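Chain residues, written in single-letter form:
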Amino acid sequence: MRLAHSTDMDMPIEELSFEAALKELETIVGRLETGEASLDESIALYERGDKLRQRCADRLDAAQSRIEAIRTDAEGKAAGTRPFAAA
């Protein structure tokens, strides 16, 4: 089933960038809010939207992990965090 007119919506969710996933999620939410979709389409939209939401959450978690590096003391115990220094 085609959800909208964007080619991103035909792509597997795991291949979408954060921005593309978020944009598609916003489109799906808007579509569901109108109430114009049939019940079956609404269910399909909701299911894809839930997967997109999880994709976005996973990408944000991964980004946060990259941004924060754990700082350790001389004994190797966590002593705090510092911003991730991208190379």
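Data block above holds the structure.
Let us look at the structure shown here. Predicted, not measured: the structure shown is a model, and the values here were computed from it.

Reading the values: rules and limits
Residues numbered from 1 in each chain as written. Predicted model: local features only at pLDDT ≥ 70, side-chain atom pairs only at ≥ 80, totals over all residues. Heavy atoms only, no water. Helix = DSSP H or I, 4+ residues; strand = E, 2+ residues; numbered from the N terminus. Buried < 20%, exposed > 50% of the residue type's maximum accessible area, 1.4 Å probe, protein only. Contact = heavy atoms within 4.5 Å. Areas by Shrake-Rupley, 256 points an atom, 1.4 Å probe, with all protein chains shown as cover. Salt bridge = Lys/Arg side-chain N within 4 Å of Asp/Glu carboxyl O. Axes fitted to C-alpha atoms, helices over the stretch in contact; angles between N-to-C directions. Parallel < 35°, antiparallel > 145°, perpendicular 65-115°, else oblique. Left-handed = near helix turned anticlockwise from the far one by under 90°. Nonpolar A, V, L, I, M, F, W, Y, C, P; charged D, E, K, R; others polar. Polar contact = N/O pair within 3.5 Å; in protein donor to acceptor, adjacent residues only side chain to side chain. Expected span 1.5 Å × (residues − 1). Arc of directions from axis to C-beta.

### Topic: the overall build of the protein
Part 1 of the argument: The number of helices and strands found in the protein is 2 helices and 2 strands.
Part 2 of the argument: When the helices and strands of the protein are listed from N to C terminus, the series reads α-α-β-β.
Part 3 of the argument: Within the protein, the proportion of its 87 residues that are buried is 22%.
Part 4 of the argument: Of the contacts formed within the protein by residues at least 6 apart in sequence, a portion of 44% connects residues at least 24 apart.
Part 5 of the argument: Total accessible area on the protein is roughly 6,500 Å²; 54% of this is exposed by carbon and sulfur atoms.

### A closer look at the pattern of salt bridges
Side-chain pairing between opposite charges can occur once the charged atoms of the two side chains come close.
Part 1 of the argument: Counted by the stated rule, this structure contains 3 salt bridges.
Part 2 of the argument: Here Arg48 and Glu24 are joined by a salt bridge, their closest N and O atoms 2.4 Å apart. With Arg48 in helix α2 (residues 39-67) and Glu24 in helix α1 (residues 18-34), the pair connects residues that are 24 residues apart, well separated along the chain.
Part 3 of the argument: Notably, a salt bridge pairs Arg53 with Asp50, separated by 3.3 Å at the nearest N-O pair. Taken together, the residues Arg53 and Asp50, both in helix α2 and 3 residues apart, mark about one turn of the helix.
Part 4 of the argument: Residue Arg53 is classed as partly exposed on the basis of its relative accessible area of 41%.

### Concerning the packing of α1 against α2
Part 1 of the argument: Relative orientation of the contacting elements α1 and α2 amounts to 150°, with a least axis distance of 9 Å. By the angle between their axes, α1 is roughly antiparallel relative to α2. Along this stretch, α1 crosses α2, giving a crossing that reads as left-handed. For the pair formed by α1 and α2, the contact residues are Phe18, Ala21, Leu22, Glu24, Leu25, Ile28, Arg31 and Leu32 on the first element and Glu41, Ser42, Leu45, Tyr46, Arg48, Gly49, Leu52, Arg53, Arg55, Cys56, Arg59 and Leu60 on the second.
Part 2 of the argument: Of the residues that constitute the contact of α1 with α2, the class distribution is 11 nonpolar, 2 polar and 7 charged.

### Examining the side chain of Glu41
Part 1 of the argument: Tracing the sequence through the fold places Glu41 in helix α2.
Part 2 of the argument: At 3.0 Å, the side chain of Glu41 forms a polar contact with the side chain of Arg31.

### Here's the deal with α1
Because an α-helix completes one turn every 3.6 residues, residues spaced three or four positions apart along the sequence face the same direction.
Part 1 of the argument: In a regular helix each residue adds 1.5 Å, so 17 residues correspond to 24 Å; α1 covers 25 Å between its end C-alpha atoms and thus fits that length.
Part 2 of the argument: Of all the residues in α1, the buried ones are Ala20, Ala21, Glu24, Leu25 and Ile28. Across the axial projection of α1, the buried residues extend over an arc of 135°, all falling on one side. In α1, the exposed positions angled more than 90 degrees off the buried face are occupied by Glu19, Lys23, Glu26 and Glu33.
Part 3 of the argument: Buried positions along α1 lie against α2.
Part 4 of the argument: Gly35, located one to two residues past α1, shows a positive phi value of around 75°.

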